[in-house]
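# Reading the structure
Now for the letters of each chain:
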Amino acid sequence: MNLEENLLQLYHELRTGTYEIGKSICFVVKIPRVREIWAANFRDRIVHHLIYNRMSPKWNRRFSADSCACIPGRGTLYGATRLEKHIRSFTNNWEKDYWYLKCDLSNFFVSIKKDVLWSLMEPSIEDGWLKDITKLVLYSDPTKNFTLNSRDWEAELVPERKRLCLAGENTGLPIGNLTSQFFANILLNELDKFAKHTLKAKKYIRYVDDCIILAEDKETLIEMKAKMDEFVKTIGLSFNPKKCFIHKINRGVSFVGQTVYPHRRVPLKNTVDKCIEKAITSPDSIPCFIAYFEQAEKSYNLVQRFLINT
């Protein structure tokens, strides 16, 4: 009801440097895994969009075409179709049985070093209110002022390594904020450049903290992985050894909820099951899910299975 008044007040605070970040809400989700989600105060979310709208056009032009997530037009479908295109091109339409390396960063958002991130962002932002607000948002710590919207026992389910309150000083970004996703892309743009320009990876793709490299032999990927291990340390990160592996491409490559097999691409079983579960509780979403399944190979009759189960 006081939209105009509130916006003018926020504008005044941003211009005069009196803006202060409000209280966040923290809650726990259990699917697909247990983790904390942080929801910023509504007026703070307006500021997050302001930062993103001002900074993203410049950065999106810098990001690799093989960087997905939090970039217009580059969601999970973009990632799956681009990976399939890479594989078809690299293997001469599946005639050659080459290898792939899949890597996953450990506790990514909680591990981000804000000083490292700011050193990458700061030179591209002109001095003034935008730089001041961006730095304020980056270095803010929501664990100092928040309300827990989950039961205490649910919060205890979150592994310590994934708790933002245990991340350490100037470490970790809250999962759930638009700025966190955008800032993460700025940081991992360094990994993209290293993989493509330094390692000379012929085919590479990344979706947030998951990345895949294709190569003609296993030994090349082992060598690349060792060099990537050393590189990510320089930006304050590390790979999860339990989620990094090398396999033959023809066995199928899973990425962003789909698996690319020779001459077909299908959603993972748990992805289909989640869509069915969601559609049962939200029938209005059924057309969206049908469109999602139709872009995969129809030989698996995913649309028919989906409709029968819903």
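Since this is a predicted model, take the numbers as computed values, not measurements.

What counts and what doesn't
- Residues numbered from 1 in each chain as written.
- Predicted model: local features only at pLDDT ≥ 70, side-chain atom pairs only at ≥ 80, totals over all residues.
- Heavy atoms only, no water.
- Helix = DSSP H or I, 4+ residues; strand = E, 2+ residues; numbered from the N terminus.
- Expected span 1.5 Å × (residues − 1).
- Buried < 20%, exposed > 50% of the residue type's maximum accessible area, 1.4 Å probe, protein only.
- Arc of directions from axis to C-beta.
- Axes fitted to C-alpha atoms, helices over the stretch in contact; angles between N-to-C directions.
- Parallel < 35°, antiparallel > 145°, perpendicular 65-115°, else oblique.
- Contact = heavy atoms within 4.5 Å.
- Nonpolar A, V, L, I, M, F, W, Y, C, P; charged D, E, K, R; others polar.
- Polar contact = N/O pair within 3.5 Å; in protein donor to acceptor, adjacent residues only side chain to side chain.

A rise of 1.5 Å per residue sets the reference length of helix H10 (residues 269-281), with its 13 residues, at 18 Å; its end C-alpha atoms lie 19 Å apart and thus fit the reference within 8%. All of the buried residues along H10 are Thr271, Val272, Cys275, Ile276 and Ala279. Relative to the axis of H10, the buried residues are bounded by an arc of 135° and lie together on one face. Seen from the open side of H10, the exposed residues pointing more than 90 degrees away from its buried face are Lys269, Glu277, Ile280 and Thr281.

The geometry of helix H5 (residues 114-121) relative to helix H8 (residues 178-198) is characterised by a closest axis approach of 10 Å and an angle of 85° between their N-to-C directions. Judged by the inter-axis angle, H5 sits roughly perpendicular to H8. Residues Val116, Leu117, Leu120 and Met121 of H5 form the contact with H8, whose own contacting residues are Phe183, Ile186, Leu187 and Glu190. Partitioning the contact of H5 with H8 into residue classes produces 7 nonpolar, no polar and 1 charged.

The topology assignment puts Arg163 in the loop between helix H7 (152-157) and H8. In this view, Arg163 contacts Glu36, Val110, Ala155, Glu156 and Val158; residues no more than four positions away in its chain are not counted.

What follows is about helix H9 (residues 218-234). Every α-helix winds through 3.6 residues per turn, so residues three or four apart in the chain are directed the same way. With 17 residues, H9 ought to run about 24 Å at 1.5 Å a step, and its terminal C-alpha atoms sit 25 Å apart, in line with that. Of all the residues in H9, the buried ones are Leu221, Met224, Lys225, Met228, Phe231 and Val232. Taken around the axis of H9, the buried residues stretch over an arc of 130°, which confines them to a single face. Residues of H9 that are exposed and point over 90 degrees away from its buried face: Glu219, Lys233 and Thr234. Contacts from the buried residues of H9 go to strand S4 (99-104), H8, strand S7 (210-215) and strand S8 (245-248). With a side-chain oxygen positioned 3.3 Å from the backbone nitrogen of Glu219, the residue opening H9 is Asp217. Phi turns positive, to about 80°, at Gly236, one or two residues after H9.

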